[in-house]
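Examination of the molecular architecture
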Amino acid sequence: SELFGLQRSSIGEPLGECLPAEAANAAPFTDEGSGQISFERDQTRQVYSYQVSPAASQGMQIGRVITFRDITEQKEREMLLRETTNQAQSERDGKELVTELLLASSSRHAVAETACQFLIETYEYEAAWVIWAEPEVEPIVASARGDVDQLETDVAEPLAARVIESGESETVESDENGEFAGVLRDRQVASVQATPITYERLITGVLCVASTDAPLETTAQITRQIATT
């Protein structure tokens with residue numbers, strides 16, 4: 001009763017009346033073997049493993065024994081491990097890509113252009129810019145849609161100027177009350193993240209990315225790593 005969150009004793013009752021309906025109807029408890037079931041309990045998804053074994057007396061099978069174990073925390077740890085592993089792999093892939101770009105080209109513009117396109121295609125940003133510290137040098141722009149001109153002039157460029165002056169990364173969001181929020185909302189963009197690009201402690205430019213959703217911390221970390229690399 002405690003395992004399945006029942007508010008009553010289940011001793012002596014049919015199995016189908018003891019388990020939540022979702023579990024009782026789905027699990028093949030009539031066959032010997034093992035498996036897993038999951039169902040909602042207290043607004044969370046619980047996962048159980050089960051084992052069905054024969055119960056015998058004097059060489060005759062008289063029934064079955066079914067044992068259950070709550071493995072919800074184990075599954076959560078496995079999911080966290082997979083996410084951590086995927087994050088580490090993504091970070092390695094990002095570093096390797098930028099390293100290959102740097103080795104393949106001596107032009108910072110070619111590297112910046114390919115890196116921006118990589119962020120658009122792989123992490124589904126709406127737009128990516130590299131805005132150089134030298135105001136006379138044209139920015140590098142990659143976009144998944146055509147209406148980013150206002151974002152570039154009204155958000156990305158002034159935000160990059162602030163980052164170049166402060167030397168610190170900065171993120172602006174549409175739900176804030178800041179000077180850029182209105183433009184972000186008009187363009188249906190949730191946030192713009194700006195990360196300084198440095199070379200020998202000098203800021204040579206800023207990598208800006210625009211997202212329609214709040215960026216995952218993993219994706220934000222990878223974007224910062226690409227800018228750093």
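What comes next is a walk through the structure. Keep in mind the model is a prediction, meaning the values are calculated, not measured.

This brings us to the overall build of the protein chain. From N to C terminus, the protein chain includes seven helices and eight strands. Residues classed as buried in the protein chain amount to 33% of the 229 residues present. Taking as baseline every contact in the protein chain between residues at least 6 positions apart, the subset at least 24 positions apart corresponds to 43%.

Attention now goes to the sheet that holds strand β2 (residues 44-57). Reading across the sheet, the three strands line up as β1-β2-β3 and stay open at both edges, with antiparallel pairing between neighbours. The strands lining the two open edges of the sheet, one partner per strand, are β1 (33-41) and β3 (60-70). On average, each strand axis in the sheet is inclined to that of its neighbour by 30 degrees, with strand direction left out of account. Pairing of β1 with β2 involves nine bridges; the strand directions are antiparallel. Within β2, the residue paired with glutamate 40 across the bridge is arginine 45.

An ideal rise of 1.5 Å per residue puts 22 Å on 16 residues; helix α4 (residues 108-123) measures up with 22 Å between its terminal C-alpha atoms. Turning to α4, its buried residues number three or more, namely Val111, Ala112, Ala115, Cys116, Phe118, Leu119, Ile120 and Tyr123. Positive phi appears at glutamate 124, one or two residues downstream of α4, with a value of about 55 degrees.

Definitions and cut-offs
- Residues numbered from 1 in each chain as written.
- Predicted model: local features only at pLDDT ≥ 70, side-chain atom pairs only at ≥ 80, totals over all residues.
- Heavy atoms only, no water.
- Helix = DSSP H or I, 4+ residues; strand = E, 2+ residues; numbered from the N terminus.
- Buried < 20%, exposed > 50% of the residue type's maximum accessible area, 1.4 Å probe, protein only.
- Contact = heavy atoms within 4.5 Å.
- Pairing = 2+ DSSP bridges.
- Axes fitted to C-alpha atoms, helices over the stretch in contact; angles between N-to-C directions.
- Expected span 1.5 Å × (residues − 1).

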